[in-house]
Amino acid sequence: ITPITSNPDLTPTEKYYDKNTSLSTIQDDCKDGVIIYVSGSGPSPKCDAHYKAAMQYSNTVIVEKGFCGNHTNYGAMYLGILECVARITKPVNVYIIAPVFSGGNKNSNLKKSIIHYLVKNGCSVTTVYYHGGADRLKSYIDFCSQHCPVNSVHENPIIIKGGDN
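Draft legend 1. The arrangement of the overall build of the protein chain in detail. Secondary structure assignment for the protein chain yields 4 helices and 7 strands. Its helices and strands in sequence order give the protein chain the pattern β-α-β-β-β-α-β-α-β-α-β, from N to C terminus. Relative to its 165 residues, the protein chain shows a buried fraction of 45%. For the protein chain, long-range pairs separated by at least 24 residues make up 72% of all intrachain contacts whose partners lie at least 6 apart in sequence. For the protein chain, the accessible surface area stands at approximately 8,200 Å², while carbon and sulfur atoms represent 50% of it.

Draft legend 2. Seen up close, the packing of aromatic side chains. Going through the model one piece at a time under the given rule, you end up with 3 aromatic pairs. Geometrically, the ring pair formed by Tyr16 and Tyr129 is stacked, given 4.8 Å between the ring centres and 10° between the ring planes. Here Tyr16, found in strand S1 (residues 13-17), pairs with Tyr129, found in strand S6 (residues 124-130); they are 113 residues apart in sequence, far enough to count as distant. Take Tyr16: its relative accessible area is 51%, and that puts it in the exposed class.

Draft legend 3. A look at the pairing of strand S4 (residues 60-67). Burial analysis of S4 places 6 of its 8 residues in the buried class, which makes it a mostly covered element. Sheet topology note: the strand S3 (residues 50-57)/S4 ladder contains 8 bridges and is antiparallel. Along S4, the bridge assignment pairs Ala54 with Val63. Joining the antiparallel neighbours S3 and S4 is a turn of 2 residues, in which Ser58 adopts a positive phi near 50°.

Draft legend 4. Focus on the nonpolar core. Judged by nonpolar contacts, the single largest core of 21 residues is most densely connected at Ile36, Met55, Ile81, Ile88, Val94 and Leu118. For this core, the elements supplying multiple residues, two or more each, are strand S2 (34-41), S3, helix H2 (73-85), strand S5 (93-98) and helix H3 (104-120). The element best represented in this core is H2, accounting for 5 residues. Excluding its chain neighbours within four sequence positions, the residues that come into contact with Val94 are Val34, Ile36, Ile88, Leu118, Cys123, Ser124, Val125 and Thr126.

Draft legend 5. Up close: the pattern of salt bridges. Using the criterion set out here, one finds 2 salt bridges in the structure. Between Lys52 and Asp142 there is a salt bridge; the shortest N-O distance is 2.9 Å. Note that Lys52 is positioned in strand S3 and Asp142 in helix H4 (residues 134-147), a separation of 90 residues in sequence. For the salt bridge of Glu64 with Arg87, the shortest nitrogen-to-oxygen distance reads 2.6 Å. Taken as a pair, Glu64 in strand S4 and Arg87 in the loop between H2 and S5 lie far apart in primary sequence, 23 residues in all. On the accessibility criterion, Glu64 (4% relative accessible area) is buried. Overall, the relative accessible area of 32% leaves Arg87 in the partly exposed class.

Draft legend 6. Highlighting the confidence of the model for the protein chain. Here the protein chain averages 77 in pLDDT, and 79% of its residues register 70 or above. Predicted confidence in the protein chain is weakest over strand S7 (residues 153-155), with a mean pLDDT of 50, and strongest over S5, with 92. Low pLDDT (under 50) marks residues 1-8, which in the prediction has 14 contacts with non-local residues, meaning those over four places away or in another chain. Low pLDDT, under 50, characterises residues 154-165; the predicted model gives this stretch 35 contacts beyond four residues in sequence or across chains.

Draft legend 7. Spotlight on H4. The end-to-end C-alpha separation of H4 is 20 Å, in line with the 20 Å expected for 14 residues at 1.5 Å each. Where H4 is concerned, the buried positions are Leu137, Tyr140, Ile141, Phe143, Cys144 and Ser145. Of the surrounding elements, those touching the buried residues of H4 are helix H1 (23-29), S2, S3, S4, S5 and S6.

The rules behind these values
Residues numbered from 1 in each chain as written. Predicted model: local features only at pLDDT ≥ 70, side-chain atom pairs only at ≥ 80, totals over all residues. Heavy atoms only, no water. Helix = DSSP H or I, 4+ residues; strand = E, 2+ residues; numbered from the N terminus. Buried < 20%, exposed > 50% of the residue type's maximum accessible area, 1.4 Å probe, protein only. Contact = heavy atoms within 4.5 Å. Areas by Shrake-Rupley, 256 points an atom, 1.4 Å probe, with all protein chains shown as cover. Phe/Tyr/Trp six-rings, centres within 6.5 Å; stacked < 30°, edge-to-face > 60°. Pairing = 2+ DSSP bridges. Core = buried A, V, L, I, M, F, W, Y, C linked by side-chain atoms within 4.5 Å. Salt bridge = Lys/Arg side-chain N within 4 Å of Asp/Glu carboxyl O. pLDDT = per-residue confidence, 0-100. Expected span 1.5 Å × (residues − 1).

Rendered as structure tokens:
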């Protein structure tokens, strides 16, 4: 992915949900495309920064996890998104669900580069802000990873719902 600095044509559609919204409701609103769920954590004395992401389309779920050194939690989330985005091979609607999208200048170019890559490849992008939903996202990604090996494709329609556990 080629870094870019700015392009006003790359503003994604945005949706906002609060913590009172179930993850199943958000899934229903995003069912016409690929859904990327992401969570990230900055470095701590116990471990490096890391991300967890799940990508869902049709009856397929892919889980990605990784460590990423000294990145902030935002940087870790964007790297998780990047892992999923790299698997998208055709134009689709892409919904990226995260508790926040921010990270200041250091990560804004990475965010723009991801969106640029998707738009350049014919995808529409919607960022879904799930305020207060971090724990539900983490739980859902963990639920998915329990049912399919990390970094592999797993077809299981049972995983498609159940994110409100």
